[in-house]
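Residue strings, one per chain:
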Amino acid sequence: MTSRRSTNAAVQIWRRALAGVSLASLLLIAGCSVGPKYRRPTAEVPATYKEVGDWKPAQPNDQTFSGNWWEMFQDPKLNALESEVNVSNQNLKAAAAQYTQARAQLRYQRADFFPTINAGASATRNRISNHRPASTISNGITYNDFQIPFELSYQIDVWGRVRRTVEAYRDEAQASAADLAAVNLSMHAQLALYYFQARVLDAEEQLLNSTVTQYEHALELIKSRYAGGIASDVEVQQAETQLETTRAQAIDIGVARAQYEHAVAVLIGKPPASFSLAPIPLTMPPPAIPVGLPSELLERRPDIAAAERQMAAANAQIGVAKAAYYPNISLGAAGGFESSAITTLLSGPSVLWSAGPSALFTVFDVGRRRAASDQAVAAYDQSVANYRQTVLTGFQQVEDNVAALRILENEAQVQDKAVVAAQKYLELANTRYKGGVTSYLEVTTAQTAALSDEVTAVNILGRRMVNAVTLVQALGGGWNSSEIPQRPECCGKLTTTAR
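To start, this report covers the structure provided alongside it. Quantities reported herein were computed from a predicted structural model and do not represent experimental measurements. (Residues numbered from 1 in each chain as written. Predicted model: local features only at pLDDT ≥ 70, side-chain atom pairs only at ≥ 80, totals over all residues. Heavy atoms only, no water.)

Brief notes about the environment of E411
Definition in use: A run of DSSP states H or I qualifies as a helix once it reaches four residues; a run of E qualifies as a strand once it reaches two. Both are numbered from the N-terminal end. Here, two residues are considered to be in contact whenever any of their heavy atoms come within 4.5 Å of each other.
Of note, E411 is situated in helix 8 (residues 368-434). With residues near it in sequence (within four places) discarded, E411 still touches I460 and R463.

Here it is, written out as structure tokens:
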């Protein structure tokens, strides 16, 4: 019987509290969110890319690249290295953790949509002093006090402060998701750059080593002619100088090659001492890159998407600042059981409760709310400028790399002709020298020109590969803004498996 009465009493307490919450919910529905409604600001977008010119890159229908954009280079070793970035890259792990923090902050703010309920229990034994001045009726008695209190507090979001705050944190979480995608793209692109730059050095070293072999044969020939009295000692020294200079150039390549190898190791999360990259001379030109239209860039670059979400968050913060001009309306409820004997603690007569709304209005704050509102508006203006600058920078990067690829392709064709001409010049110089028509100085000059042209051709190929990678990065690497989670507090997708 006692248990039933205590249950009914508890039900009465929470009926009254929930009635207050229902009233608060009606007020919330009827309330409005102060502050401006977000609309994406415009940015100047050209109709086409200027630097494409007469150069025809791959069209979107000819070839597209997905998230694994590096596969278009058809390099199995590069594919294997890129797959390790998602698992072991520490910068990517840090960005993923930052995104997880943003999601947690969003969930924390969303809790303000609901009431907070606290419960507790206490048991004390008390004695009132005999000399207590307030009353002589209870002086000198000793008693027990058992309590099971419940408290409910709820701030009614009449003006939309909570909604605007949650909106801001949701936009921040979406911006963090875009930042994670940007870091992911950057790490993969950086690996491809280091990898191809190492391969360019492999090609240059291979060229120098083969040239050293040719120069060794030439030196042997000069020494034989010198022994026969046909060549002079000056010619021997010229040939030896050319040989040793080229050897030194081949050795010097090892410095940069080792640094690129170490950089690749760090990007895949390994100590440089435990990683080696086998020499693979670069020979193939870059694939054609589908550029698309400038208007597509706004949805394809994660940094632009992040800047846009930051604008939305700043706009929501204006609403938060505006809500401070209105009173805070709260609902409070308290109840529970209190008795001097534990046997009657949960009985009906032991019930206590109180409930009611409250409002707090700031009457005078020396302009603090206005300053906060002005700061929020200025922060939004700053985010708009940052967004438009990010868009302009994106267009610049695409134009830069399109121009570089177009110009370098033409330069490579001209340089190939220069290499052929230099080889013919070297052959003629050797023939003239062996026929006694000219001195060995002409051969040395022809060797220097041939080697210089061949090294230039290798470097042009390397620059084309680098610009191909950076163009893919400038285009967003196959990413799309639709990949940003719409509800990051519950179902945000991480793009890395790092743990």
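Let's talk about the layout of surface pockets
Note the threshold: Think of a 1 Å grid over the protein atoms and nothing else: a 1.4 Å probe that fits but is trapped marks a cavity, an open set flanked by protein within 12 Å on at least five of seven lines marks a pocket, and residues with an atom within 4 Å of a point count as lining. Grid points are joined across faces, edges and corners, and a volume is the space filled by probe spheres set on the points. Note on residue classes: Ala, Val, Leu, Ile, Met, Phe, Trp, Tyr, Cys and Pro are nonpolar, Asp, Glu, Lys and Arg are charged, and everything else, Gly too, is polar.
Looking at the second largest pocket, its volume works out to about 240 Å³. Surrounding the second largest pocket, 16 residues form its lining, T283, D416, A457, V458 and L461 being those nearest its centre. Those elements that place two or more of their residues in the lining of the second largest pocket are helix 4 (161-227), helix 8 and helix 9 (440-474). The class makeup of the residues in the lining of the second largest pocket is nine nonpolar, four polar and three charged.

A look at helix 2 (residues 76-88)
Test applied: For a helix, the expected span equals 1.5 Å multiplied by the residue count minus one. For every residue, the accessible area obtained with a 1.4 Å probe (protein chains only) is divided by the maximum for its type, and the residue is called buried under 20%, exposed over 50%, and partly exposed between those limits. It is the directions from the helix axis to the C-beta atoms that the arc portrays. Residues adjacent in sequence count toward polar contacts only when both atoms are side-chain atoms; beyond that, a polar contact is any pair of N or O atoms within 3.5 Å, and within protein one must be able to donate a hydrogen and the other to accept it.
Here helix 2 contains 13 residues, and its C-alpha end-to-end distance of 19 Å stays within 8% of the 18 Å for a straight helix at 1.5 Å per residue. Among the residues of helix 2, L78, L81, E82 and V85 are the ones counted as buried. Buried residues in helix 2, looked at end-on, bunch into an arc of 100°, giving them a common side. In this structure D75 caps helix 2, since a side-chain oxygen of it lies 3.1 Å from the backbone nitrogen of K77.

Observations concerning the nonpolar core
Note the following rule: What makes a nonpolar core is a set of buried Ala, Val, Leu, Ile, Met, Phe, Trp, Tyr and Cys residues whose side-chain atoms join them at distances within 4.5 Å.
Counting residues in each nonpolar core, the largest one holds 87 residues, and the members touching the most others are W69, F73, F196 and V398. Taken together, the elements giving at least two residues each to this core come down to helix 2, helix 3 (90-110), helix 4, helix 5 (233-267), helix 6 (294-300), helix 7 (302-323), helix 8 and helix 9. Looking at this core, the element that brings in the most residues is helix 4, giving 21 residues. Of all hydrophobic cores here, the second largest spans six residues; its members include A178, A181, A306 and W479.

Some words on the pattern of salt bridges
Selection rule: By convention in these notes, a salt bridge is any Lys or Arg side-chain nitrogen within 4 Å of a carboxyl oxygen on Asp or Glu.
In this structure the tally under the stated criterion is 18 salt bridges. Taking the shortest distance from any N to any O, the salt bridge between D157 and R163 comes out at 3.1 Å. Residue R247 is joined to E216 by a salt bridge in which the shortest nitrogen-to-oxygen separation is 2.5 Å. In this pair, R247 is assigned in helix 5 and E216 in helix 4, connecting sequence segments 31 residues apart. With a relative accessible area of 28%, E216 lands in the partly exposed category. Put simply, R40, D171, E299, E308 and R309 are held in one network by salt bridges that share partners.

Structural notes on helix 4
In this model helix 4 runs 97 Å from its N-terminal to its C-terminal C-alpha over 67 residues, within 8% of the 99 Å that 1.5 Å per residue would give. Just beyond helix 4, the residue with positive phi is G229, at close to 80°.

Thoughts on the pairing of strand 4 (residues 328-339)
Cut-off, in case you're wondering: For two strands to be treated as a pair, DSSP must find no fewer than two bridges joining them.
Where strand 3 (residues 142-156) lies against strand 4, eleven bridges are found, and the strand directions are antiparallel. Considered in strand 4, the bridge of Y154 is made with L331. Where strand 4 lies against strand 5 (residues 351-360), ten bridges are found, and the strand directions are antiparallel. Of the residues in strand 5, the one forming a bridge with N328 is L360.

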